[in-house]
Amino acid sequence: MDTNTPQCYNSQLKPSYHGNGQRYTSPTNGKCKRLIVQSVNPTSADTWEERNLRSKIPLSTKLAAWLINTIINPSRNVFLWLFVWPLYMFALLMPSRNPAFSHYYKPYLMRFVGQLWAARSQREYSLRSETGEDVRCRTHALFPRFLIVYDTRTRTWTRTDDEAVIKQKPYIAITYCYSDMMQPGNGAKVLIRRSRAATLGQEFDAYWLDLECLLEDPAEKAQDLYRMSDVYRRASFTLIMLSDERGWAAWGGRLWTLPEALLSHELRYKAGENAVTPIKLFQLAALAYSHAYHNEESQITNSLDALEKDRDLQLKEESQMINFFALGKDPLERLDRNLQLKEAIWRRFSSPTDRYRAEKVYALMGFFEHRILPDAAETELQALARLFMANDNDRIADRMISMFPRDKKAMNQWYTKEDEYGAKLWDIEPAVQVIGVTSNGALVLDGCRAAAIRWKSFPHVAFATRRSIRRLLALAWPYLAWFLIVLGIPFLISGNQEKNNTNVGLCVVNGTYTLCDTHNTGEPPLAAAGIAMLVIAIVLLLFAPFLTTYGHSGQVVLARPWLIGVRGVISAQQASKYLYGIQFGDSRRTFYTPSGSLLAKPTKNDSKFREGHVSQYEAALAAPPFDPIEGHMFTLVDTVSGTIYYFRAHRPPTVCLFTGTEGGQGRFVLCSGKCSSSELVRETVLRMPSYISTHMNACDWVALCGEA
């Protein structure tokens, strides 16, 4: 590593030099530090340092727990009790620093400090702002830039770019099967010849064919792709050219054929030398989309049964899309259909010679109200982000940030097709706004609330229990014992002095008075009182571990907000012990989540209360500690709601972002930091109570879910 090159910059743009291990931003001073993770079974991790579970509760609380456990469960170490007990007494007297209470979780003190690649607002500079594109302008009802027009006088076909002619000229849009272009005998020339003959045969003198009307210059082609959907909208009809009737499947698998068909007013087709025949969308679905489109990889890796299921699902989705365009649906269904369109277009293949990496996005954008100007340098994620920002009414990207991808390999890509929790896109109410996209394809969010997750140990948590006279007295008795000791020792000393004093007095000896010594008989009152005080004090001190533990027991009614992480699995009882120490009684301080993670299991008929079932702990404990696809097993403890969550992730998440709500719960994205680019990596998504977001501090811009 080059020590002269900064690895990252903090929010004040101060450079930091460090190694390549996993880092986190300190919630105390904002510095970039190496991550230390407490673990049930520490191992030598490559990217972070691991240690045993640690708790910062007071020493007297820890010693009291040890003394009680030694008495209840005697062992070989019982003789140590006599040595630990004086240490406990000393710790009880030592003034301990009470933890400060706060209404908020520890803050996330980092922000995205890089440049935006594309921005929502025109007032924000972005790396592609020189294009001058206005993403909010309405882009429908445009016309082709070129048409192929037949001159009846010269009987020749010429390409024209005269706007006056193009706007007034009825024309046919031609679509074809790409495999026909690969046939021997110069397939392109054959296609052009057949297209011209069919155009004249339909009594038209103009047509649009991409082979002749799309220019190769990148800037010119971007303008043509920008208008592509209106080429088919404005055409009198779209003519599908096939070499024969067997070409429907190949035509239906092409990238652009779906928007070409769905955006056209009327469809006709010509197969071989047959006549031009009108065709309805429903008929087209049966002919062109009744075959599964699979790439080579899926054919190799999937079984025949899986392929059959995929085909049935694709047919169902595309049938629904046809019904949508034929009948019309409400806005929520429109949102779902647009995403189905996206998936259908992504299943198709594009021309191997096309130089646009995001060509599929440009085929999709014709179905949206606003479009984006194609850019040969951008990726699919960047183009999708720009398209969704331009069409902000649906807030598609804002919603997708809160979704838990079913495909774990795409965890850090913000685009999510299916939610692991089963929610639909419209079920999520976003609490953030996407304001831009980075060069890595990450979305830049504004309006986030965030909290730092503590991994190095369980902190000393400030908490309060339900008030009780008995608990207050139990806490006071050990200190009263020391008062009795301080008071009893002087009494005992004074009594002993009184007893040992020699007094001279008159005594009667043989009937005569004489001087003699007189001694006190029995214990003096002061000495007796001192002994009684010391006995009572010793008894109280012997029971002090039980008294102080009982005094701190009971239901936790208020606790300082903390999010604490552990690698491995701990139970709710263990979490309570590390947070608050042991207790007497049956008051539960930490609960299992009923629906907060994929491993959550609710109580059903066996309980009349909504709560998590203990079986989720048993299942998490029995699961392998590491899965190659889903990652390590982790535990997260929240002190505000008193809830414990089990989840898998490849790296310990150090930041918790509140991004939206769904189904009566908040969506919280747990992220690890990538300090070199000041971006966050999505590790998992939890469903936690929405109200805990009020205990999170608002933070500056954050960049989330860039391409891996």
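Parameters and conventions
- Residues numbered from 1 in each chain as written.
- Predicted model: local features only at pLDDT ≥ 70, side-chain atom pairs only at ≥ 80, totals over all residues.
- Heavy atoms only, no water.
- Helix = DSSP H or I, 4+ residues; strand = E, 2+ residues; numbered from the N terminus.
- Contact = heavy atoms within 4.5 Å.
- Areas by Shrake-Rupley, 256 points an atom, 1.4 Å probe, with all protein chains shown as cover.
- Core = buried A, V, L, I, M, F, W, Y, C linked by side-chain atoms within 4.5 Å.
- Buried < 20%, exposed > 50% of the residue type's maximum accessible area, 1.4 Å probe, protein only.
- pLDDT = per-residue confidence, 0-100.
- Phe/Tyr/Trp six-rings, centres within 6.5 Å; stacked < 30°, edge-to-face > 60°.

Enquirer: How would you sum up the overall build of the chain? Please name residues and give values.
Expert: Within the chain, the secondary structure is distributed over 22 helices and 32 strands. Here the analysis covers contacts within the chain between residues at least 6 apart in sequence; of these, 67% occur between residues at least 24 apart. Counting only carbon and sulfur atoms, one obtains 54% of the accessible surface of the chain, whose full area is about 34700 Å².

Enquirer: Describe the nonpolar core, and please don't skip the residues or the numbers.
Expert: Counting 108 residues, the largest nonpolar core has L284, Y362 and W414 as its most contacted members. Considering every element that reaches this core, the biggest residue donor is helix 16 (residues 380–390), with eight residues. Core analysis: the next-biggest nonpolar cluster, separate from the first, contains 22 residues, I453, A649, C656 and M696 among them.

Enquirer: For the confidence of the model for the chain, give the residues involved together with the corresponding values.
Expert: For the chain, per-residue confidence averages 84 on the pLDDT scale, and residues scoring 70 or more make up 85% of the total. Mean pLDDT in the chain bottoms out at helix 12 (residues 296–301), which sits at 33, and peaks at strand 23 (residues 563–567), which reaches 98. Considering only residues more than four positions removed or in separate chains, one finds that residues 134–138, a stretch of pLDDT under 50, has 13 contacts. Confidence drops under a pLDDT of 50 for residues 292–308, and excluding neighbours within four residues, the segment shows 15 contacts in the predicted structure.

Enquirer: I'd like a rundown of the packing of aromatic side chains, residues and numbers included.
Expert: Overall, the coordinates contain 22 aromatic pairs when judged by the stated rule. Here the aromatic rings of W157 and Y207 are separated by 5.3 Å at their centres, their planes lie at 65°, and the arrangement is edge-to-face. Of this pair, W157 sits in strand 9 (residues 156–160) while Y207 sits in strand 11 (residues 206–208), placing them 50 residues apart in sequence. In this structure W157 comes out as buried when scored by relative accessible area, which is 17%. With relative accessibility at 0%, the residue Y207 sits in the buried group. A centroid spacing of 5.4 Å and a plane angle of 75° characterise the contact between W455 and F634, whose relative ring orientation is edge-to-face.

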